[in-house]
Amino acid sequence: MYSKKYFIGNWKMNGLKKDLVQLKKVDSFLIRNKFLRKSIISIFCLPNTLIDFYRTNLSKEIKIGSQNVSNVNVSFGANTGFVSFRMLKDLKCEYVLIGHSELRSVGDNDKSISNKIKNSKQSKLKIVLCVGDSLKDFKSGTAYKKVTNQILLALKNNKKLLNKIIIAYEPIWSIGSGIIPKTMYLKNFFDKLNIFLIKKFKKQIPIIYGGSVSSKNIKEFKNIKKCNGFLIGGASLKSKNYIDIIKNYYN
Ligand code: PGA
């Protein structure tokens, strides 16, 4: 059902119009490679400032996402600085990150995250719901509890929207640190999470991994069968790094 793997770039607060050249290279790499076109879904979650320009200048091999969306349940209104699903749809944006730890750390919370997901009702956008444990959670053995709780709070009022959801498990202590959890630990974590999702929601929901994914460590994820792809921050900014991740995963 979702045998294709997701390779989702998260550019965070990076990128100007001139950096389109990076994604042009990814685009032609994908256009030349029939096997990969059948095997992966390539998505870049860009700053909103770039979405329209990049969408217009790239082929459909690359899907475009935003990194956040408004939590108020109107498409237009007196909400300075907010961007709604309707506005993202207007830009032909197909995905949106919700609940990234960098936004949770500045005020996003379980309630606002649940509301953001609820607001997607009227749109076709797919949601990448980011969840993750802190180093403290990890060290005290409560990572799994923390993550499953975040998932429950985000999805319990949104059961009708589960078809739109991809879960990105991102240990906060791994993001940008160059440190990734041990393969066996992750394999267990993904297996347990997968069973949890089936039990709770009677559904297979794709789960991807994020946190310091690079061309050097990507092979370690090959044996994690329940890992349906990757959310890639720093290494998605340069086409070569992103392409090498994909190449090393499949070689
Ligand atoms: P990173 O970021 O790959 O730079 O660690 C991942 C993320 O924050 O989504």
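Just so it is clear, the structure is predicted and the values come from calculations on it, not from any experiment.

### Notes on the packing of helix H1 (residues 20-32) against helix H3 (residues 48-57)
The relative placement of two packed helices comes down to the angle between their axes together with the axis-to-axis distance.
So, point 1. Close contact between H1 and H3 brings their axes to 11 Å; oriented N to C, the two are set at 35 degrees. Here H1 runs over H3; the crossing is right-handed. Two secondary-structure elements touch here, H1 through Leu20, Leu23 and Lys24 and H3 through Phe53, Tyr54 and Asn57.
So, point 2. In terms of residue class, the contact of H1 with H3 is built from 4 nonpolar, 1 polar and 1 charged.

### Brief notes about the site of the ligand
So, point 1. Inspection of the region around the ligand gives Asn10, Lys12, His100, Glu170, Ile175, Gly176, Gly211, Ser212, Leu231, Ile232, Gly233 and Gly234 as its neighbouring residues.
So, point 2. Within the side chain of glutamate 170, one N or O atom sits 2.6 Å away from an oxygen atom of the ligand.
So, point 3. Starting from 280 Å² of accessible surface for the ligand in isolation, the protein chains cover 94%.
So, point 4. Of the residues in the shell around the ligand, the class split is 3 nonpolar, 7 polar and 2 charged.

### Focus: the pairing of strand E2 (residues 40-45)
A regular strand carries its side chains on alternate faces of the sheet.
So, point 1. Burial analysis of E2 places 6 of its 6 residues in the buried class, the great majority of the element.
So, point 2. By the alternation rule, side chains of E2 split into Ile40, Ser42 and Phe44 and Ile41, Ile43 and Cys45, which are all buried.
So, point 3. Where strand E1 (residues 5-10) meets E2, 6 bridges bridge the pair, whose relative direction is parallel. Directly across from glycine 9, in E2, lies its bridge partner phenylalanine 44.
So, point 4. One ladder, built from 4 bridges, connects E2 with strand E3 (residues 62-66); its direction is parallel.

### Concerning a positive patch on the surface
So, point 1. Together, Lys111, Lys118, Lys121 and Lys160 make up a positively charged patch on the protein surface.
So, point 2. For lysine 121, the location among the structural elements is in the loop between helix H6 (110-118) and strand E5 (126-131).

### Describing the environment of glycine 81
So, point 1. Structurally, glycine 81 is set in the loop between E3 and helix H4 (85-90).
So, point 2. Sequence separation between glycine 81 and glutamate 61 is 20 residues, and the spatial gap between their C-alpha atoms is 30 Å.

### A few points about unusual backbone geometry
So, point 1. Backbone geometry places lysine 92, a non-glycine residue, at a positive phi of 65 degrees.
So, point 2. In this structure, lysine 92 sits in the loop between H4 and strand E4 (95-98).
So, point 3. Although it is not a glycine, serine 212 sits at a positive phi angle of roughly 55 degrees.
So, point 4. Its location among the elements puts serine 212 in the loop between strand E7 (207-210) and strand E8 (229-232).

### Notes on the sheet that holds E8
So, point 1. Strand order in the closed barrel formed by 8 strands is E1-E2-E3-E4-E5-E6-E7-E8, and the pairing between neighbours is parallel. Between one strand axis and the next, the sheet turns through 25 degrees on average, direction left out of account.
So, point 2. The pairing of E7 with E8 spans 2 bridges and is classified as parallel. Bridge assignment links glycine 210 to a residue of E8, and that residue is leucine 231.
So, point 3. Helix H10 (residues 239-250) rests against E1, E2 and E8 of the sheet, and its axis sits at about 160 degrees to E1.

### A word on the state of the cysteines
So, point 1. Applying the stated criterion to the full structure yields 0 disulfides.
So, point 2. In this structure cysteine 45 is a free cysteine whose sulfur lies 7.5 Å from that of cysteine 93, the closest cysteine sulfur available.
So, point 3. Residue classification places cysteine 45 among the buried residues on the basis of a relative accessible area of 0%.
So, point 4. Cysteine cysteine 227 remains unbridged, with the sulfur of cysteine 130 as its closest cysteine sulfur at 14 Å.

Reading the values: rules and limits
- Residues numbered from 1 in each chain as written.
- Predicted model: local features only at pLDDT ≥ 70, side-chain atom pairs only at ≥ 80, totals over all residues.
- Heavy atoms only, no water.
- Axes fitted to C-alpha atoms, helices over the stretch in contact; angles between N-to-C directions.
- Helix = DSSP H or I, 4+ residues; strand = E, 2+ residues; numbered from the N terminus.
- Left-handed = near helix turned anticlockwise from the far one by under 90°.
- Contact = heavy atoms within 4.5 Å.
- Nonpolar A, V, L, I, M, F, W, Y, C, P; charged D, E, K, R; others polar.
- Near = heavy atom within 4 Å.
- Polar contact = N/O pair within 3.5 Å; in protein donor to acceptor, adjacent residues only side chain to side chain.
- Areas by Shrake-Rupley, 256 points an atom, 1.4 Å probe, with all protein chains shown as cover.
- Buried < 20%, exposed > 50% of the residue type's maximum accessible area, 1.4 Å probe, protein only.
- Pairing = 2+ DSSP bridges.
- Patch = residues over 30% accessible without salt bridge, like charges linked within 9 Å, V, L, I, M, F, W, Y side chains within 5 Å.
- Salt bridge = Lys/Arg side-chain N within 4 Å of Asp/Glu carboxyl O.
- Lys, Arg positive; Asp, Glu negative; His and termini not counted.
- Charge placed at Lys NZ, Arg CZ, Asp CG, Glu CD.
- Disulfide = S-S within 2.5 Å.

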